Amino acid sequence: MKYTHYVFDAYGTLFDVHAAASRHADDIGEGWDRLSQTWRAKHLEYTWIYAQTGRHTTFWDLTERSLDTAIATIGGVPSGIREKLLEAYRVLDAYPEVPGVLDALRAKGATCAILTNGDPDMIADATSSAGIADKLDRILTVHDVGIFKPSMRVYSLVTDTFGCKPGAVSFQSSNRWDAAGATVFGFDTLWVNRSGAPAEYSETPPTRVATDLKPLRDD
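Here the structure is a predicted model, which is why all the values come from computation and not from measurement.

Secondary structure summary: the protein contains 9 helices and 6 strands in total. Radius of gyration (C-alpha) of the protein: 17 Å, near the 17 Å computed for a compact globule of 219 residues. On the principal axes, the C-alpha backbone points of the protein span a range of 50 × 35 × 35 Å. Expressed as a percentage of the 219 residues in the protein, the buried residues total 51%. Carbon and sulfur atoms make up 50% of the accessible area of the protein, which amounts to about 9,500 Å² in all.

Taken as a whole and assessed by the stated rule, the structure comprises 12 aromatic pairs. For the ring pair Trp48 and Trp177, a centre distance of 5.3 Å and an interplane angle of 85° mean the geometry is edge-to-face. Linking Trp48 in helix H3 (residues 32–52) with Trp177 in helix H9 (residues 176–185), this pair joins segments that are 129 residues apart in sequence. When its relative accessible area of 32% is taken as the criterion, Trp48 is described as partly exposed. The lysine or arginine in question, Arg90, covers the ring of Trp60, its NZ or CZ lying 4.7 Å from the ring centre. For Arg194, the ring lying beneath its charged end belongs to Tyr95, and the centroid distance is 3.6 Å.

Taken as a whole, this structure holds 14 salt bridges when the rule is applied. In this structure, Arg90 engages Asp121 in a salt bridge whose closest nitrogen and oxygen atoms are separated by 2.9 Å. You can see Arg90 sitting in the loop between helix H5 (81–89) and helix H6 (98–107) and its partner Asp121 sitting in helix H7 (residues 120–130), a full 31 residues away along the chain. The partner of Arg194 in a salt bridge is Glu97, with the nearest N and O atoms 2.6 Å apart. Of this pair, Arg194 sits in the loop between strand E5 (188–192) and strand E6 (208–210) while Glu97 sits in the loop between H5 and H6, and the two are 97 residues apart along the sequence. Residue classification places Glu97 among the buried residues on the basis of a relative accessible area of 6%. Residues joined by salt bridges that share partners form a network here, namely Asp9, Lys149 and Asp178.

Definitions and cut-offs
Residues numbered from 1 in each chain as written. Predicted model: local features only at pLDDT ≥ 70, side-chain atom pairs only at ≥ 80, totals over all residues. Heavy atoms only, no water. Helix = DSSP H or I, 4+ residues; strand = E, 2+ residues; numbered from the N terminus. Rg over C-alpha atoms; globule rule 2.2 N^0.38 Å. Buried < 20%, exposed > 50% of the residue type's maximum accessible area, 1.4 Å probe, protein only. Areas by Shrake-Rupley, 256 points an atom, 1.4 Å probe, with all protein chains shown as cover. Phe/Tyr/Trp six-rings, centres within 6.5 Å; stacked < 30°, edge-to-face > 60°. Lys NZ or Arg CZ within 6 Å of the ring centre and 35° of its normal. Salt bridge = Lys/Arg side-chain N within 4 Å of Asp/Glu carboxyl O.

Honestly, that's just the spatial picture; any functional story needs more than this.
Set out below in structure tokens:
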């Protein structure tokens, strides 16, 4: 295999970040998709602001704050739905191909790991509920460096942990900005463009682009 280590972003790459809102779409009403998209966009935006201003907080804190902004954006949700959405965010669905891809890579001798902005307890809940906890060799979180992606300190967790050069790593993310950060660090990157988003960050192109993780089975 070309790569010794396969490292995955979690939210949006392994786990469907819109699953929480879709589960409660009927209760939220026709604005559920707008709520979900705003929730995700604001969640990311808040991590960038913290990273750029040299501050840090928990990912869960930003999960709640970004949800409140999303709820306000659509004019509110019925009583009790906020709590249900937060509960659902801790047990997001994994994308269908994820278990098989992880099994295939590990069967070939590769190491599979997560590198995430998420808190350790959040990721523990997500991997357990999705049934993939035993398919991962390591879970690396920004908790260990006290800053969110795309700080280079976050990506260095991988090389420090595995004692490897960046070129030994294939990094997978559905977030184009995350793939760009990992590319700058020196990883080979797979941009998992699940939504068919337009190309951007042309100065830091990903090594590969795919609509899901299935191509990794052929590595």
